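Notes for the structure review
Here are the chains, one letter per residue:
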Amino acid sequence: SVPGEERELTDGFHLIIDALKLNGLNTIYGVPGIPITDFGRMAQAEGIRVISFRHEQHAGYAAGIAGFLTKKPGICLTVSAPGFLNGLTALANATTNCFPMILISGSSEREIVDLQQGDYEEMDQLAIAKPLCKAAFRVLHAEDIGIGVARAIRAAVSGRPGGVYLDLPAKLFPQVMEAEAGRKSLVKVIDPAPAQIPAPSAIERALDVLRGAKRPLIILGKGAAYAQADEEIRAFVEKSGAPFLQMSMAKGLLPDVHPQSAGAARSTVLKNSDVVMLIGARLNWLLSHGKGKAWGEPGSKQFIQIDIEPKEMDSNVEIAAPLVGDIGSCVSALLEGLGDNWPMPPGDWIDAVETKKQENITKMALRLKKNSTPMDFHGALGALRTVVKERPDAILVNEGANTLDLARGIIDMYQPRKRLDVGTWGVMGVGMGSAIAAAVETGKPVLAVEGDSAFGFCGMEVETICRYNLPVCIVIFNNNGIYRGTDVNSTGGADAATTVFVKDARYDRMMEAFGGAGANVTTPDELYRAVSEAMDSGRPTLVNAVIDPAAGTESGRIGNLNPQSVVGKK
Ligand code: ADP
Ligand code: MG
């Protein structure tokens, strides 16, 4: 080189940051530590929003939800071995839920790990991540960072979205290269999630099956919410005239109060429909695998299924009309195929659904008005239902057992992607990560309705919420335990029963410890006032809602999944 002429240099740290920014990935959810502490600092200095959590699992859940909300991979950043493993739970969860996410973990020296010589936090992370996510990559050389990040993005968002692991050994970060060559090595991913156009013959087949329906039903799943084809979906459902059900995270895609919503007549429509069109919903356990008692007479139904993943077809039952493609493209093509004089479904079907619906709505209304102390779930949820109705653009996060099952049915949603919950696994502990991501990604007020048990898995993140001053109001449905707070130790011994917590705990004081607002409420009216105030103030708030310890049922609506001892209780 010419003496006196300074060659501009870059390094691994900056190349990773530049690669993320080049692809519009401007937020990182993580926990700092060796070997990524400086990386986090530099990322923040370079304009990336870095949200530091107290535990990687919640940073990971946040990244997954960021992916669901934005269609861009959410980024989670962790340290090696234990931090990586904590994040891996969330990566597996994102993959299961079809949320695009990239877990980036620092790792220790390949040479030592591969010879198993006992490095600091030694672990073959790439091998461990591989079976739990969609794809896993490792970058060893600074000049491969651009390609590595591009591959991770494309793998996460194309086809069926999911989690990707990106392994970055400590030695990669300080590797130096010429800045100009570094710039050229970066890749801006063009069309990362290409449209997948359905075959015209598959569209015809689907329309034929739908045309023959006497009792059609449309089921919208969170894939439909993810697809952001809101207008097309609404137009298609309305033009078809069919009753629809929305899976929990699809709620609000069409307002739950829409005249065609069959949410309040769920069992009736599942049982009695003859043609069921699934849009971005899987026939997994959440839909009783498409068979059994819930679905009426065996062989009484034909399924039409729209999914981007061909292998989803016939996974549980025969699909009469598989429609493989992205939901936007499929639904647009179907909409066109409906034409201008698509017949409405037979009146007796619509009337039967409507009658059942009104019957159930009337029954429920009485329970929601109950203003008793201590509160039961219905009384408390009746108050929160009003809070959400008055703020349709707020985001509702929801987890727990009874708290989840009952809130899902009671709290109406009015807009797409406003309800975030336990997803495909029914996992507890996603609440705070989801709430943080929702606030960070959308800037909207967030209401997190949490069972006291569910909250226990992620409660320390209230500090994170206070630290970033996020507009999150947490309501703890505090019934003193898991499912119920009334169990006793059958031995009569001093240990508490296995499913109960400290009685009359004051979770609101946890929030106050970090400078947030706390409230303790015992009636639906108090609950309504405290939550309304919190939602309007935007101040981090935790409302401890005292619920009757005897009010819950074991495992909420999925008690049937508990194995029973044949020997019986001794
Ligand atoms: P729910 O639990 O709400 O029923 P699931 O997670 O079971 O929803 O199903 C979502 C489905 O949506 C998955 O099978 C996934 O492959 C599919 N999916 C996700 N995104 C798209 C998309 N853009 N186009 C088509 N299908 C999609
Ligand atoms: Mg509880």
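About the thresholds
- Residues numbered from 1 in each chain as written.
- Chains lettered and ligands numbered in written order.
- Predicted model: local features only at pLDDT ≥ 70, side-chain atom pairs only at ≥ 80, totals over all residues.
- Heavy atoms only, no water.
- Helix = DSSP H or I, 4+ residues; strand = E, 2+ residues; numbered from the N terminus.
- Buried < 20%, exposed > 50% of the residue type's maximum accessible area, 1.4 Å probe, protein only.
- Contact = heavy atoms within 4.5 Å.
- Areas by Shrake-Rupley, 256 points an atom, 1.4 Å probe, with all protein chains shown as cover.
- Lys, Arg positive; Asp, Glu negative; His and termini not counted.
- Charge placed at Lys NZ, Arg CZ, Asp CG, Glu CD.
- Near = heavy atom within 4 Å.
- Polar contact = N/O pair within 3.5 Å; in protein donor to acceptor, adjacent residues only side chain to side chain.
- Nonpolar A, V, L, I, M, F, W, Y, C, P; charged D, E, K, R; others polar.
- Pairing = 2+ DSSP bridges.
- Axes fitted to C-alpha atoms, helices over the stretch in contact; angles between N-to-C directions.
- Core = buried A, V, L, I, M, F, W, Y, C linked by side-chain atoms within 4.5 Å.
- Disulfide = S-S within 2.5 Å.
- Phe/Tyr/Trp six-rings, centres within 6.5 Å; stacked < 30°, edge-to-face > 60°.
- Lys NZ or Arg CZ within 6 Å of the ring centre and 35° of its normal.
- Right-handed = clockwise from strand over helix to strand, strands pointing away.

The next thing to look at is the overall build of the chain. A count of helices and strands for the chain gives 21 helices and 19 strands. If you line up the chain on its principal axes, its C-alpha atoms span 90 × 65 × 55 Å. Within the chain, buried positions represent 55% of all 570 residues. For the chain, long-range pairs separated by at least 24 residues make up 76% of all intrachain contacts whose partners lie at least 6 apart in sequence. As presented, the chain carries roughly 24,000 Å² of accessible surface, and 53% of it is formed by carbon and sulfur atoms. Put simply, the chain has 57 plus and 65 minus side-chain charges, and the middle of one group is 6 Å from the middle of the other.

Turning our attention to the site of ligand 1. In the neighbourhood of ligand 1, 19 residues make up the surrounding shell, with Arg160, Lys222, Arg282, Asp307 and Ile327 lying closest. The contact in question runs from an oxygen atom of ligand 1 to an N or O atom on the side chain of Arg282, over 2.7 Å. By residue number, the principal contributor to the shell around ligand 1 is helix H10 (residues 222–226), which donates three residues. Residue classes in the shell around ligand 1 are distributed as eight nonpolar, six polar and five charged.

Take the sheet that holds strand E4 (residues 74–78) next. On the basis of which strands lie adjacent, the open sheet formed by six strands has the order E3-E2-E4-E5-E7-E6 and parallel pairing. Strands at the two margins of the open sheet, each flanked by one partner only, are strand E3 (49–52) and strand E6 (135–138). Adjacent strand axes in the sheet meet at a mean angle of 20 degrees when their direction is disregarded. Of the strands in this sheet, E4, strand E5 (101–107) and strand E7 (163–169) are in contact with helix H4 (residues 81–97), which crosses E5 at around 165 degrees. Where helix H17 (residues 431–442) meets the sheet, its contacts fall on strand E2 (27–30) and E3, and the angle it forms with E2 comes to roughly 165 degrees.

The five strands are arranged E10-E9-E11-E12-E13 in an open sheet whose pairing can be described as parallel. Every other strand in the sheet has two partners, leaving strand E10 (244–246) and strand E13 (321–324) as the edge strands with one partner each. With strand direction ignored, the average angle separating the axes of adjacent strands in the sheet is 15 degrees. Bridging between strand E12 (residues 302–307) and E13 involves four bridges; their strand directions are parallel. Looking at the pairing, Gln305 lines up with Pro322 of E13.

This part takes up the environment of Arg391. Along the chain, Arg391 falls in the loop between helix H15 (377–390) and strand E14 (395–399). When the C-alpha positions of Arg391 and Ala250 are compared, they lie 18 Å apart, and in sequence the two are 141 residues distant. With residues up to four places along the chain from it excluded, the contact list for Arg391 reads Ser532, Met535 and Asp536. Here the side chain of Arg391 touches Asp536 through a polar contact of 3.1 Å, side chain to side chain.

Judged by nonpolar contacts, the single largest core of 131 residues is most densely connected at Tyr29, Leu220, Ile233, Phe236, Ile279 and Ile474. Counting residues in hydrophobic clusters, the runner-up holds 31 residues, among them Leu384, Cys473, Ala534 and Val543.

Here the structure, examined in full by the defined rule, presents zero disulfides. In this structure Cys458 is not part of a disulfide, and its nearest cysteine sulfur, from Cys466, lies 14 Å away. Classification of Cys458 as buried rests on a relative accessible area of 1%.

Taken as a whole, helix H1 (residues 12–22) has its buried residues at Gly12, Phe13, Leu15, Ile16, Ile17, Ala19 and Leu20. Directly beyond the C-terminal end of H1, a positive phi value near 70 degrees is found at Gly24.

Let us look at the packing of aromatic side chains. Applying the stated criterion across every chain yields a total of eight aromatic pairs. Each residue in the set Phe13, Phe39 and Phe173 is aromatic and connected to the rest through ring pairs, giving one cluster. For Lys71, the ring lying beneath its charged end belongs to Tyr226, and the centroid distance is 5.7 Å.

What follows is about the side chain of Thr403. Within the fold, Thr403 resides in helix H16 (residues 402–410). With relative accessibility at 3%, the residue Thr403 sits in the buried group.

Turning next to the pairing of E4. Of all five residues that make up E4, five are buried, and the element is covered over most of its length. In E4, alternate side chains face the same way, and those of Gly74, Cys76 and Thr78 on one face and Ile75 and Leu77 on the other are all buried. The sheet contact formed by E2 and E4 spans three bridges and is parallel. Bridging across to E4, Ile28 finds its partner in Ile75. Regarding the hand of the β-α-β motif, the stretch spanning E4, H4 and E5 is right-handed.

Our focus in this paragraph is unusual backbone geometry. Here the amide bond leading from Ile34 into Pro35 is cis, since omega sits at 5 degrees, within 30 degrees of zero. By secondary structure assignment, the location of Pro35 is in the loop between E2 and helix H2 (37–45). Residue Pro374 follows Thr373 across a cis peptide bond; omega there is -5 degrees. In this structure, Pro374 sits in the loop between helix H14 (347–368) and H15. Positive phi is not limited to glycine here, since Glu121 has a value of about 45 degrees. Residue placement: Glu121 occurs in the loop between helix H5 (110–114) and helix H6 (125–129). Residue Glu121 is classed as partly exposed on the basis of its relative accessible area, which comes to 22%. If you check the backbone angles, Tyr483 has positive phi at about 70 degrees while not being a glycine.

On their own, these measurements won't tell you what the molecule is for.
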